[in-house]
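# Analysis of the macromolecular model
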Amino acid sequence: MYAFDYEDIQLIPNKCIVNSRSECNTSVTLGKFTFKMPVVPANMATVINEEISEKLAEQSYFYVMHRFDFDAISFIKKMKSKSLISSISVGVKKQDFKLIEELSKLDLIPEYITIDIAHGHANSVREMIEHIRKYMSDSTFIIAGNVATPQAVRDLEYWGADATKVGVGPGKVCITKLKTGFGTGGWQLGAIKWCSKAATKPIIADGGLRVNGDIAKSIRFGATMCMIGSLFAAHEESPGKNVVVNDILYKEYYGSASEYNKGEKRYVEGKKELIKVRGKLMDTYREMQEDLQSSISYAGGKKLKAIKNVDYVILKTSNF
Ligand SMILES: NC(=O)C1=CN([C@@H]2O[C@H](COP(=O)(O)OP(=O)(O)OC[C@H]3O[C@@H](n4cnc5c(N)ncnc54)[C@H](OP(=O)(O)O)[C@@H]3O)[C@@H](O)[C@H]2O)C=CC1
Ligand SMILES: Nc1nc2c(ncn2[C@@H]2O[C@H](COP(=O)(O)O)[C@@H](O)[C@H]2O)c(=O)[nH]1
């Protein structure tokens, strides 16, 4: 097993086959739908809300709405009335099981459900996958996580997940590593590589991406999609609270397992940070897409899959 992370690796260019980066196609298929980019904002209360979900769905970007203080029934009704994809998150508590039953009764079947808990290699996730299958058959694409090992990926796939989300503790506002001693914090890219060897279905790399180039690196090491929090958390439209310090506008970004999100200091594994507001969300999307088109051109191809086989080096300056 290799304990390396994003900053330890650099990808090596191949001969270019395009005359312009605009020829490079960043689209990705996940389940029955194709999206413009292999990137999804983290399903966290300070990163996404209903308005952003709608905007992303309208523009064919993948989204996963968070599950905190959220009315899934009215959200799915609204999305379906506009023929937009519904993609929600659930936990594994009694009320989450009940929600699946209610949605099924109302014939509000979301296209995507993400089972979102800290330690996803758990019987509770198996039970939730079986519950969703029982009430929604195969019409819903199930993403399950989060996990950190090949065995967990195998188990979740065997239990019926359509994709697994990899990353325990690499997040910017994560303190799991400090509080528990466990996780992929510090070697998230190595974990993606390790887990992807076992995967027969898509893997979503979740957490630890700090710059746009980390998207290409995630894909090189086996991810189909990247879930990103901090890079999306500080836009004019972001749901986090505005905070002004020395005339500079910041947004609050806090962990889903922080006391701020939970409303109590119980099993806290997240913290809060202020991130400088960087402008409009769609400008960041455009920049990410351009950077990824560039990555594809350096990989010597026209599609994302060109990145999957490029050579790489381990940097001498890294601690690896
Ligand atoms: N990706 C990551 O690294 C991490 C992400 N998070 C995020 O924080 C949010 C809250 O997560 P989570 O606390 O799981 O959600 P919940 O508070 O909804 O807990 C889910 C259920 O799993 C139980 N549970 C949670 N952690 C463990 C564990 N380590 N071992 C056994 N049972 C456990 C909880 O019970 P009880 O609370 O009584 O144990 C509860 O019944 C989620 O959005 C999650 O994605 C949190 C930590 C790490
Ligand atoms: N350990 C914790 N991880 C958390 C918490 N809230 C969210 N997350 C995870 O972080 C990523 C986003 O990471 P980033 O590096 O892109 O900012 C998110 O998708 C979750 O998986 C938390 O409270 N504790």
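Residues numbered from 1 in each chain as written. Chains lettered and ligands numbered in written order. Predicted model: local features only at pLDDT ≥ 70, side-chain atom pairs only at ≥ 80, totals over all residues. Heavy atoms only, no water.

### Details of the overall build of the protein chain
Inclusion rule: Only runs of H or I of at least four residues qualify as helices and only runs of E of at least two qualify as strands under DSSP, and these elements are numbered from the N terminus. Each radius of gyration is computed over the set of C-alpha atoms, and the globule rule expresses the reference value as 2.2 Å times the number of residues to the power 0.38. Buried, partly exposed and exposed residues are distinguished by accessible area as a fraction of the type maximum, computed with a 1.4 Å probe on protein chains only: under 20%, between the cut-offs, and over 50%, respectively. Working rule for contacts: check all heavy atoms of both residues, and any pair within 4.5 Å makes them a contact. Throughout, the Shrake-Rupley method with a 1.4 Å probe supplies accessible areas, and for residues the shown protein chains are the sole cover considered. Neither His nor the chain ends contribute to the count of charged residues, in which Lys and Arg are positive and Asp and Glu negative. For this purpose, a charge sits on NZ of Lys, CZ of Arg, CG of Asp or CD of Glu.
If you tally the helices and strands in the protein chain, you get ten helices and 14 strands. For the protein chain, the C-alpha radius of gyration of 19 Å lies close to 20 Å, the compact-globule estimate for 320 residues. Oriented by its inertia axes, the alpha-carbon framework of the protein chain measures out at about 55 × 50 × 45 Å. The buried share among the 320 residues of the protein chain stands at 55%. Within the protein chain, counting contacts between residues at least 6 apart in sequence, those at least 24 apart form 67% of the total. Carbon and sulfur atoms make up 48% of the accessible area of the protein chain, which totals about 15,000 Å². Positive and negative side-chain charges in the protein chain, numbering 44 and 37 respectively, have mean positions lying 3 Å apart.

### Brief notes about the pattern of salt bridges
Stated precisely, the cut-off is as follows: A pair is scored as a salt bridge if a Lys or Arg side-chain nitrogen falls within 4 Å of a carboxyl oxygen belonging to Asp or Glu.
Within the structure shown, the criterion is met by 17 salt bridges. Here Glu 54 ties to Lys 82 by a salt bridge, and the two come within 2.3 Å at their closest N and O atoms. Of this pair, Glu 54 sits in helix H1 (residues 50–58) while Lys 82 is found in the loop between helix H2 (72–81) and strand S5 (87–90), placing the two residues 28 residues apart along the sequence. For the salt bridge of Lys 272 with Glu 252, the shortest nitrogen-to-oxygen distance reads 3.3 Å. Highlighted residues: Lys 272 in strand S13 (residues 272–276) and Glu 252 in strand S12 (residues 248–254), separated in sequence by 20 residues.

### Let's talk about the packing of helix H3 (residues 94–105) against helix H4 (residues 123–136)
Formally: Under this scheme, a helix contributes an axis fitted over its contacting stretch, all axes are lines through C-alpha atoms, and angles between N-to-C directions fall in the 0 to 180 degree range. Orientation labels follow simple angle bins: below 35 degrees gives roughly parallel, above 145 gives roughly antiparallel, 65 to 115 gives roughly perpendicular, and whatever is left gives oblique. By the convention adopted, Pro, Cys, Tyr, Trp, Phe, Met, Ile, Leu, Val and Ala count as nonpolar, Lys, Arg, Asp and Glu as charged, and the other residues, Gly among them, as polar.
One way to put it is that H3 packs onto H4 with a least axis distance of 9 Å and a crossing angle of 10 degrees. What the angle tells us is that H3 and H4 run roughly parallel. For the pair H3 and H4, the contacting residues are Asp 96, Phe 97, Ile 100, Glu 101, Leu 103 and Ser 104 in the first and Ser 124, Glu 127, Met 128, His 131, Ile 132, Tyr 135 and Met 136 in the second. Among the residues making up the contact of H3 with H4, the classes are represented as seven nonpolar, three polar and three charged.

### Some thoughts on the UniProt feature "domain: IMP dehydrogenase/GMP reductase" (unreviewed entry) in the protein chain
Cut-off, in case you're wondering: UniProt positions are given in the numbering used here, feature names are shortened, and annotations may be inferred rather than shown by experiment.
In this numbering, the UniProt entry assigns the feature "domain: IMP dehydrogenase/GMP reductase" (unreviewed entry) to residues 4–312. For residues 4–312, helix accounts for 33% and strand for 18%, while the C-alpha atoms at its two ends are 12 Å apart.

### A short note on the nonpolar core
This is how the line gets drawn: Working definition of a nonpolar core: buried Ala, Val, Leu, Ile, Met, Phe, Trp, Tyr and Cys residues. They are joined through side-chain atoms within 4.5 Å.
Phe 62, Ile 88, Ile 115, Ile 215 and Ile 228 are the most contacted members of the largest nonpolar core, which totals 95 residues. The element that contributes the greatest number of residues to this core is helix H10 (residues 281–298), accounting for six residues. Ignoring sequence-local partners within four residues, the contact set of Ile 88 consists of Val 64, Met 65, Phe 70, Ala 72, Phe 75, Ile 76, Leu 103, Pro 110, Tyr 112, Ile 113 and Thr 114.

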